[in-house]
Amino acid sequence: PIRRAPGPAADPTIGTLDETRPMIETAQKAPDFTAARRHMIESQLRTSGVNDAYVLERMAAVPREDFVPENARAAAYVDRTLSLGGGAFLAPPLAYGQILSQARPRRDERALIVGPGTGYLAALLGPLVADLREATPDAVLSGDVEGVYDLVLVDGAAEDVPASLIATLAPDGRLLTGLLRKGVTTLALGRRSGDDISLITLNETQLPRLPAFDKPQGWTF
């Protein structure tokens with residue numbers, strides 16, 4: 001008969017293999033978010049030309065994983081839009097890096113963020129300006145936004161820039177928004193002049209569409 005070699009004596013302080021496996025697997029699968037942020041900066045931002053020190057510092061400091069549902073935390077730094085439910089979204093990291101880089105915020109400015117209210121862009125921008133507010137597109141359209149702002153950032157892409165959005169800008173204030181034209185989304189920057197604004201397209205971006213700012217459908221005969 002074949003005999004098994006005697007194994008080591010069991011240590012009562014150590015759990016069985018089945019008991020310890022879940023702890024081992026949890027440790028192995030726990031994401032290293034600090035490393036993920038470093039990788040985001042090096043592989044997504046820097047390689048795409050986003051190298052402003054203040055942008056990289058803010059994006060390294062804000063834990064993006066805290067602004068997504070628990071089941072999406074492991075994908076927080078993936079280069080794609082994340083659905084947050086209820087029509088809200090979190091755009092890819094590069095889109096926010098581009099926004100901050102092109103916005104050139106100043107510490108004496110009042111700023112407004114218009115979008116789904118995820119809190120992420122606000123966390124990035126907050127320390128860079130004197131005062132920051134957030135509003136939904138519906139609040140803008142209904143005229144419920146109080147005051148005017150030196151800098152307005154739209155966290156999403158608009159087909160149309162309504163007069164009520166322009167009205168949130170102070171004289172000579174700046175607007176930065178995603179602009180959706182013929183299926184292509186670009187980042188656009190404009191400065192208020194009277195009751196109008198002239199937008200200059202900057203670069204393609206991956207900001208999701210904001211249905212509230214769709215272009216009004218005209219009648220056809």
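Since the model is a prediction, treat every value here as computed from it, not as a measurement.

Along its length, the protein carries seven helices and eight strands. When the 221 residues of the protein are sorted by exposure, 43% land in the buried category. Put simply, 51% of the contacts in the protein that link residues at least 6 apart link residues at least 24 apart. Counting every atom, the protein has about 12600 Å² of accessible surface; 53% of that belongs to carbon and sulfur.

By secondary structure assignment, the location of arginine 64 is in the loop between helix H3 (53-61) and strand E1 (82-85). At 7.5 Å, aspartate 79 is the nearest oppositely charged side chain to arginine 64, a buried residue that forms no salt bridge. Within the structure, the side chain of arginine 64 is placed 2.7 Å from the backbone oxygen of alanine 91, a separation counted as a polar contact. In this view, arginine 64 contacts Ala76, Tyr77, Arg80, Leu90, Ala91, Pro92, Pro93, Tyr96 and Tyr120; residues no more than four positions away in its chain are not counted.

Let us look at the layout of surface pockets. Volume-wise, the largest pocket comes out at about 170 Å³. Surrounding the largest pocket, Gly87, Phe89, Gly115, Pro116, Thr136, Pro137, Asp138, Arg209, Leu210, Pro211 and Ala212 form its lining. Classifying every residue of the lining of the largest pocket by side-chain character gives six nonpolar, three polar and two charged.

Next up on the list: the nonpolar core. Most often, soluble globular proteins keep nonpolar side chains buried together rather than apart. One finds Met59, Tyr96, Ile99, Leu121, Leu124, Leu125 and Leu153 to be the most contacted residues of the largest nonpolar core, which totals 39 residues. Every element with two or more residues in this core is listed here: helix H2 (33-45), H3, helix H4 (93-103), strand E3 (110-114), helix H5 (120-125), strand E5 (149-158) and strand E6 (169-181). With six residues, the single largest contributor to this core is H4. With near-sequence residues (within four places) excluded, leucine 153 lies in contact with Ile99, Ala103, Leu112, Ile113, Val114, Leu121, Leu125 and Leu176.

For any two helices packed against each other, one specifies the inter-axial angle together with the distance between the axes. Running from N to C, H3 and H4 cross one another at 140°; their axes reach a closest spacing of 9 Å. With respect to each other, H3 and H4 are oriented oblique. Crossing angle aside, the handedness with which H3 passes H4 is right-handed. Here Tyr54, Val55 and Met59 of H3 lie close against H4, whose contacting residues are Pro93, Tyr96, Gly97, Leu100 and Ser101. When grouped by side-chain class, the residues that make up the contact of H3 with H4 number six nonpolar, two polar and no charged.

This brings us to the environment of aspartate 52. Within the secondary structure, aspartate 52 sits in the loop between H2 and H3. Note: C-alpha distance between aspartate 52 and glutamine 98 (46 residues apart in sequence) is 10.0 Å. Ignoring sequence-local partners within four residues, the contact set of aspartate 52 consists of Ser101 and Arg104.

What follows covers the pairing of E3. Counting buried positions over the five residues of E3 gives four, a clear majority of the element. In this structure, E3 lies alongside strand E4 (residues 131-135), joined through five bridges in parallel fashion. Among the inter-strand pairings, alanine 111 is bridged to a residue of E4, identified as leucine 132. Once you follow E3 into H5 and on to E4, the crossover reads as right-handed. Judged from the four bridges that link them, E3 and E5 form a sheet pairing that is parallel. The partner of isoleucine 113 across the bridge, within E5, is leucine 153.

Calculation notes
Residues numbered from 1 in each chain as written. Predicted model: local features only at pLDDT ≥ 70, side-chain atom pairs only at ≥ 80, totals over all residues. Heavy atoms only, no water. Helix = DSSP H or I, 4+ residues; strand = E, 2+ residues; numbered from the N terminus. Buried < 20%, exposed > 50% of the residue type's maximum accessible area, 1.4 Å probe, protein only. Contact = heavy atoms within 4.5 Å. Areas by Shrake-Rupley, 256 points an atom, 1.4 Å probe, with all protein chains shown as cover. Lys, Arg positive; Asp, Glu negative; His and termini not counted. Salt bridge = Lys/Arg side-chain N within 4 Å of Asp/Glu carboxyl O. Polar contact = N/O pair within 3.5 Å; in protein donor to acceptor, adjacent residues only side chain to side chain. 1 Å grid on protein atoms, 1.4 Å probe; cavity = no way out; pocket = protein on both sides within 12 Å on 5 of 7 lines; lining within 4 Å. Points joined across faces, edges and corners; volume = space filled by probe spheres on them. Nonpolar A, V, L, I, M, F, W, Y, C, P; charged D, E, K, R; others polar. Core = buried A, V, L, I, M, F, W, Y, C linked by side-chain atoms within 4.5 Å. Axes fitted to C-alpha atoms, helices over the stretch in contact; angles between N-to-C directions. Parallel < 35°, antiparallel > 145°, perpendicular 65-115°, else oblique. Left-handed = near helix turned anticlockwise from the far one by under 90°. Pairing = 2+ DSSP bridges. Right-handed = clockwise from strand over helix to strand, strands pointing away.

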